[in-house]
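Commentary on secondary and tertiary structure
Read off the chains here:
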Amino acid sequence: MADKEQIEAVYKDYSAHWTEAQDLPKSRQRRFLAKWLSDPQLSASMSGLRGLKEDNLRLEGKSVPNVFRVEIDGKRATVNDCSDDRMALMRNTRTGKVTKRFGYNWYVADFKRTRKGWRMQGNELRKQSCVGRIS
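Residues numbered from 1 in each chain as written. Predicted model: local features only at pLDDT ≥ 70, side-chain atom pairs only at ≥ 80, totals over all residues. Heavy atoms only, no water.

**Re the state of the cysteines**
A disulfide bridge is the covalent bond that connects two cysteines by way of their sulfur atoms. Following the criterion strictly, the structure yields 1 disulfide and no others. The partner cysteine of Cys-82 in its disulfide is Cys-130, sulfur to sulfur 2.0 Å. Disulfide Cys-82-Cys-130: torsion about the S-S bond near 70 degrees, hence right-handed. Of this pair, Cys-82 sits in strand S3 (residues 76-92) while Cys-130 sits in the segment after strand S6 (117-126), and the two are 48 residues apart along the sequence. The same class applies to Cys-82 and to Cys-130, which are both buried. (Disulfide = S-S within 2.5 Å. Helix = DSSP H or I, 4+ residues; strand = E, 2+ residues; numbered from the N terminus. Buried < 20%, exposed > 50% of the residue type's maximum accessible area, 1.4 Å probe, protein only.)

**Details of helix H2 (residues 26-33)**
Buried within H2 we find Gln-29, Phe-32 and Leu-33. Buried residues of H2, viewed axially, fall in a sector of 85 degrees; they line one side. Facing away from the buried side of H2 by over 90 degrees, the exposed positions are Ser-27 and Arg-31. Lining the buried residues of H2 we find helix H1 (3-17) and helix H3 (41-54). (Arc of directions from axis to C-beta. Contact = heavy atoms within 4.5 Å.)

**Remarks on the layout of surface pockets**
Approximately 830 Å³ is the volume found for the largest pocket. Lining the largest pocket are 33 residues, with Tyr-14, Trp-18, Leu-59, Tyr-107 and Asn-123 positioned closest to its centre. Its residues assigned to classes, the lining of the largest pocket comprises 17 nonpolar, 10 polar and 6 charged. Its boundaries defined by the atoms lining it, the second largest pocket holds a volume of some 280 Å³. Taken together, 14 residues make up the lining of the second largest pocket; nearest its centre are Gln-22, Gln-29, Leu-49, Arg-50 and Lys-53. Among the secondary structure elements, those contributing two or more residues to the lining of the second largest pocket are H2, H3 and strand S1 (57-64). Sort the elements by how many residues they give to the lining of the second largest pocket and H3 lands first, with 5 residues. Of the residues that constitute the lining of the second largest pocket, the class distribution is 5 nonpolar, 4 polar and 5 charged. (1 Å grid on protein atoms, 1.4 Å probe; cavity = no way out; pocket = protein on both sides within 12 Å on 5 of 7 lines; lining within 4 Å. Points joined across faces, edges and corners; volume = space filled by probe spheres on them. Nonpolar A, V, L, I, M, F, W, Y, C, P; charged D, E, K, R; others polar.)

Below you can see the structure in the form of structure tokens.
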């Protein structure tokens, strides 16, 4: 499999499964997320999971990636995604009420080739709309 396909596969697999980390014991979350992430994104995700739990929040639903650009420069790569997050939401675990719904979000993810394959090192949410960038 070519680098571009490997990177997209890692990104899409992560998008499909990352919320499952919320249901794992803290002792297993890092190893689970390390299938797709490396530091600093891995540590940032662990911190984010702690913050959600402390705030009694839970992410639910699913995101559908719409990768519209992958740029590779040697051992580094960047993925641009216009993720359809309309089926994702945030719920208060105490009240059961939905606290936030999502739309389309533009993510820019940085990847690095490691001994274990391509891993995401960073993921930034852009403020601009990405809707016109997907077909």
